[in-house]
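Structure assessment
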Amino acid sequence: MTLELKNIVKAFKSDVVLDGVSLSVATGETLVLFGPSGAGKTVLLRLIAGVIDPDEGTIRIAGRDMAGVEPEDRGIGMAFQNFALFPHMDATENIAAPLTAKKMGKQQIAHTVEKVAKMLKIDHVLHHKPKELSNGQKQRTALARALSGEPDILLLDDPLRNVDAKLRFEMRLELPRLLKSQQATVIYVTQDYKEAMALGDRIAVMNGHGIQQIGTPRDIYMSPANLEIARLFGDPVINLLDVTPERSERGVQVMLSGQPLVIDAGFAHAIGQSCVLGIRPEALQFVPEGTPGAIPVQIETEAPLNEKTVTLALTKNRREVMISRPSGTEAPSSGTAWVIADVTNIHLFDRTSGDRIEPGQSAAVQGAA
Amino acid sequence: METVNPIERVLRGVAITLVILFFMFPILWIVLMSFQTNETILRMPPSVVFTPTIENYQALITGKLETSAGILEIAFMKNLFNSFFLSTASVAIGLVLGVPAAYAFARLKFKGSEDIAFTLLSFRFAPPLLVLLPLTIYFQQLGLANTYGGLIWVYQLIVLPLILWIVRGYFEDIPADVEYAYRIAGHSWGATFRKIALPLAGPGIAAAALLAFIFAWNNFVFALVLASADKQPVTVGALAFVTASGIQYGQIAAGIVLSIAPTFALALYAQRYLVEGLSLGAVKG
């Protein structure tokens, strides 16, 4: 089923949460709604589910306007962040809720519940009440309940938020396969960029009352639309340094700790503009002293982060930068070191608006000529 | 687990014993009185040693009160039945009207909902005597005076606000998401009320019903004014023991024992519902 939102506006009292949100999701697609808390992700999900109504705008499911359509008639499955299991029913009854609504036969219900429970590995706790379930089992029960009715549209509100790190990691690997097997249109809300990258066919980044960027995980990571998005995606966070591009004999350059860094000639239109240069920690590399273009840094500390090692260092101007490298590789761990930036992997943002500055096409052609 | 030191445990035991003595002594004394004759009750100094007699209960159940002035007819059993009938019917109607109303006040924020809810509560503020006088006149004109229907109606003044406000709180404590989840699963609004809201608020509804029953049972003034002998509950009927030839303490005590027994039993039975934790384990705070 396709899902289409058009110019959705929602305010609670005078507090505008969503201001003109438009979105369309194709059949079978998994769209991740990503953003900090308070960005309106959950509200948007509830609008789609029909438990609250938009002030303005239309929601269409499979082309049908959903205004005035009750939640039970929308063909939706939803998993809540707080699980929202029925406390007085055991796991079986919880999972069977969408099936009893369809007036299915007892045997068929039992069979379906069994199947879904097996898939989610909770078939051994089916007769337990929610309060006897661990957090992970609750989360799986909630997910099973959302899946069992085989809804056309699946809304998952940060289902991994309240589970421990190990389970979250497992589920992050398991979920994409599970969601694909359902063939449902999925909207997945999360605050974790890794989850967003792992699960989304596309990601919609929400911030400040609306959607700021929609694209594939690669698009969002490689060309974030603004400073905020660049900061939200990536761990450790992107290094952001104030620069002003200037003309040099080799094209366009920025000065980093007194060292010129030549950037894409396409940035010529940004010359003289106050900018922020974004360099991902993995785009910085330690090099031997004397390498052309190398910038001296003072190493402060280093720490392992998953499969990476991150070094925190200070530039000559006392600005903090982070350099990441695969764990196990050699690098200086104290004193002065030299780093070089990968110019093909940098981002330029306008300092006042925070918007991304794209390298201009005309300038690139000019450079080629 | 915290460890309790022995002295603290002893002190706690003493304190609990004192409290139980304080509250249970009158009941114990009444029970003892109910097995004594007026003479043993009134002797000085009072004593707990006596030969028990069941003549008080006999008199109540047969309806024949033997006094020095002769045999007096009393309608205690009839009164007891009236109390039962009036309280049960009032609470039943109160639940039928109050529980859906409480749900509406808890879940639907419609215009003026707070005002209506408060108005209903305000019935409890007015002294009953204030409404009784006009009510008596209306009831006589409407032909409701001295009818069960009329009394049950007036009892709603006691029962309905109580049920409404207690149950509303319990409905509000149910996370809205749990109800949303059931509706999204494909169930109608009505089914959600029956299968989710009602069972989850069950202990609260039981508590409210029990309290309402006790309040209705203990009511005196409405029944005194609006009911005559054959519709009177025990609270009013007990006045019959104050006779021309003296106050029949033994029978009053027996009457009290019989009339508190049902509410006492009900409270004991419902205790587990009242105490049963309402912590909804399925939702993380």
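1. Considerations on the side chain of Asn 219 of chain B
All names here are of chain B. Tracing the chain through its elements places Asn 219 in the loop between helix H9 (189–218) and helix H10 (221–226). Residue Asn 219 is classed as buried on the basis of its relative accessible area, which comes to 10%. A polar atom in the side chain of Asn 219 sits 3.4 Å from the backbone nitrogen of Phe 222. Dropping the residues within four chain positions of it, Asn 219 is found in contact with Tyr 155, Ile 158 and Thr 235.

2. Overview of the domain arrangement of chain B
Note on interface size: it is often stated as the accessible area lost on association of the parts. Residue and element names in this part refer to chain B. Along its sequence, chain B is organised into domain 1 (6–73) and domain 2 (76–275). The C-alpha-based centres of domain 1 and domain 2 are spaced at 30 Å. Contacts between domain 1 and domain 2 engage 19 residues on the former and 18 residues on the latter. Summing both sides of the interface, domain 1 and domain 2 together bury roughly 1,500 Å²; the carbon and sulfur share of this comes to 77%. Applying the counting rule to domain 1 against domain 2 returns 0 salt bridges. Between domain 1 and domain 2 we count 0 residue pairs in polar contact (both at pLDDT 80 or more) in total.

3. Points about the sheet that holds strand E6 (residues 76–79) of chain A
All names here are of chain A. An order of E6-E7-E8-E3-E9-E10 is seen for the 6 strands of this open sheet, with the pairing classed as mixed. The strands lining the two open edges of the sheet, one partner per strand, are E6 and strand E10 (210–215). The mean inter-strand angle of the sheet, taken between neighbouring strand axes irrespective of direction, is 15°. Pairing geometry for strand E3 (residues 30–34) and strand E9 (residues 202–207), over 4 bridges, is parallel. For Phe 34, the partnering residue across the bridge sits in E9 and is Val 205. Its contacts with the sheet put helix H1 (residues 41–49) on E3, E6, strand E7 (153–157), strand E8 (185–190) and E9, and the angle it makes with E7 is roughly 150°.

Parameters at a glance
Residues numbered from 1 in each chain as written. Chains lettered and ligands numbered in written order. Predicted model: local features only at pLDDT ≥ 70, side-chain atom pairs only at ≥ 80, totals over all residues. Heavy atoms only, no water. Helix = DSSP H or I, 4+ residues; strand = E, 2+ residues; numbered from the N terminus. Buried < 20%, exposed > 50% of the residue type's maximum accessible area, 1.4 Å probe, protein only. Polar contact = N/O pair within 3.5 Å; in protein donor to acceptor, adjacent residues only side chain to side chain. Contact = heavy atoms within 4.5 Å. Domains from an automatic or database assignment. Buried area = accessible area lost by both parts, 1.4 Å probe. Salt bridge = Lys/Arg side-chain N within 4 Å of Asp/Glu carboxyl O. Pairing = 2+ DSSP bridges. Axes fitted to C-alpha atoms, helices over the stretch in contact; angles between N-to-C directions.

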